[in-house]
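Summary of the model geometry
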Protein chains: 2
Amino acid sequence: MSPREHTHPAVEDVELVTVLSALAEPTRLRIVRMLAAMEGERAWKDIDLPIAQSTLSHHLKILRNAGLVRNRAEGTRCFVSLRDEELEGRFPGLLECVLACCDADAGRGGGGS
Amino acid sequence: MSPREHTHPAVEDVELVTVLSALAEPTRLRIVRMLAAMEGERAWKDIDLPIAQSTLSHHLKILRNAGLVRNRAEGTRCFVSLRDEELEGRFPGLLECVLACCDADAGRGGGGS
DNA sequence: TTCGATGTTCGACGAATGTCGAATACCGAA
DNA sequence: TTCGGTATTCGACATTCGTCGAACATCGAA
């Protein structure tokens, strides 16, 4: 597989359990929060987490398959962005609500911003 | 352990990831929907799923530890209920939203009612 | 006390998951 | 074409998870 072209599922084909599973992991939830905290895209290399590159790639793949994020290639680099608007049409309020709950969870080990 | 007395965590002590993990499993999500569909409690034996009793007990334990459900003993029998009001205080809108999304997911393999 | 009914726990199993380092594929630049 | 940077895939590993049947614990009834 080329690092440039990825298969993004249609949000209509994504199941709720898949989305919840994708969000039910600290590292992935952190990535989603990171993406939500900024409008637009984020460069792959700017996702700065204490994990190996292969692990990050793995998590992004899961988020991708869950319809949560989108990958865009530009030259050698990749950019990641939330599919929040599409997701809103499929699961209204879900992403927004989970993100809001993240803040309610902050300070208790839920992983600060 | 007695089947009567269980330890229910305070909702304040439950982490978001724990709740999401508990919900991110088809059988458990189905149980939660089942409980949400009816006001009040549900008898253990009325939770009619194609799984072994020990498996059901296992899932209920996970839901319990996630602060999602409460167990009440009455004689030899147990009753289960959603902790929706408490959860609403800790993670506003989350449970309601997920339940609404279940319906949006219905008919696609997300498990009908 | 003895029994039967009801949940829980235990032990085991295969499957899935999160993690890493190494190998691979791709792109742009030299 | 060769090389360096970037992301993905592969192989391996330990851990966790979902599942079951069997053994156990508790309560109410006989």
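A quick note: this is a predicted structure, and the numbers were derived from the prediction, not measured.

A few points about the overall build of chain A
- Counting secondary structure elements, chain A contains 5 helices and 3 strands.
- When the helices and strands of chain A are listed from N to C terminus, the series reads α-α-β-α-β-β-α-α.
- Counting every position in chain A, which comprises 113 residues, the buried fraction comes to 43%.
- Taking contacts inside chain A between residues at least 6 apart in sequence as the whole, the part at least 24 apart equals 66%.
- Of the roughly 5900 Å² that chain A leaves accessible, carbon and sulfur atoms contribute 49%.

Quick word on the relation of the copies chain A and chain B
- With an axial shift of 0.0 Å and an RMSD of 0.0 Å, the rotation relating chain A to chain B amounts to 180°. On this basis, the relationship between the two copies can be described by a two-fold rotation axis.
- By residue overlap, the copies meet face to face through one surface: 100% of the interface positions of chain A are interface positions in chain B.

Side note on the protein's contact with DNA strand D
- Every one of the 29 residues lining DNA strand D counts as a neighbour, but His6(A), Ser57(A), Ala52(B), Thr55(B) and His59(B) are closest to it.
- Interatomic distance of 3.0 Å between a side-chain N/O atom of Arg28(B) and a phosphate oxygen of DNA strand D.
- Elements with a contribution of two residues or more to the surface near DNA strand D: helix H3 (53–65) and strand S3 (77–82) of chain A together with helix H2 (26–36) and helix H3 (53–65) of chain B.
- Tallied by class, residues from the surface near DNA strand D come to 8 nonpolar, 14 polar and 7 charged.

Describing the side chain of Arg28(A)
Residues and elements named next belong to chain A.
- Following the sequence through the fold, Arg28 ends up in helix H2 (residues 26–36).
- Despite its burial, Arg28 remains without a salt bridge, the nearest opposite charge being carried by Glu25 at 4.5 Å.
- In terms of polar contacts, Arg28 uses its side chain to reach the side chain of His59, at 3.1 Å.
- Arg28 has contacts with Ser21, Ala22, His59, Ile62 and Leu63, leaving out every residue within four places of it along the chain.

Parameters at a glance
Residues numbered from 1 in each chain as written. Chains lettered and ligands numbered in written order. Predicted model: local features only at pLDDT ≥ 70, side-chain atom pairs only at ≥ 80, totals over all residues. Heavy atoms only, no water. Helix = DSSP H or I, 4+ residues; strand = E, 2+ residues; numbered from the N terminus. Buried < 20%, exposed > 50% of the residue type's maximum accessible area, 1.4 Å probe, protein only. Contact = heavy atoms within 4.5 Å. Areas by Shrake-Rupley, 256 points an atom, 1.4 Å probe, with all protein chains shown as cover. Least-squares fit on C-alpha atoms with pLDDT ≥ 70 in both. Near = heavy atom within 4 Å. Polar contact = N/O pair within 3.5 Å; in protein donor to acceptor, adjacent residues only side chain to side chain. Nonpolar A, V, L, I, M, F, W, Y, C, P; charged D, E, K, R; others polar. Lys, Arg positive; Asp, Glu negative; His and termini not counted. Salt bridge = Lys/Arg side-chain N within 4 Å of Asp/Glu carboxyl O.

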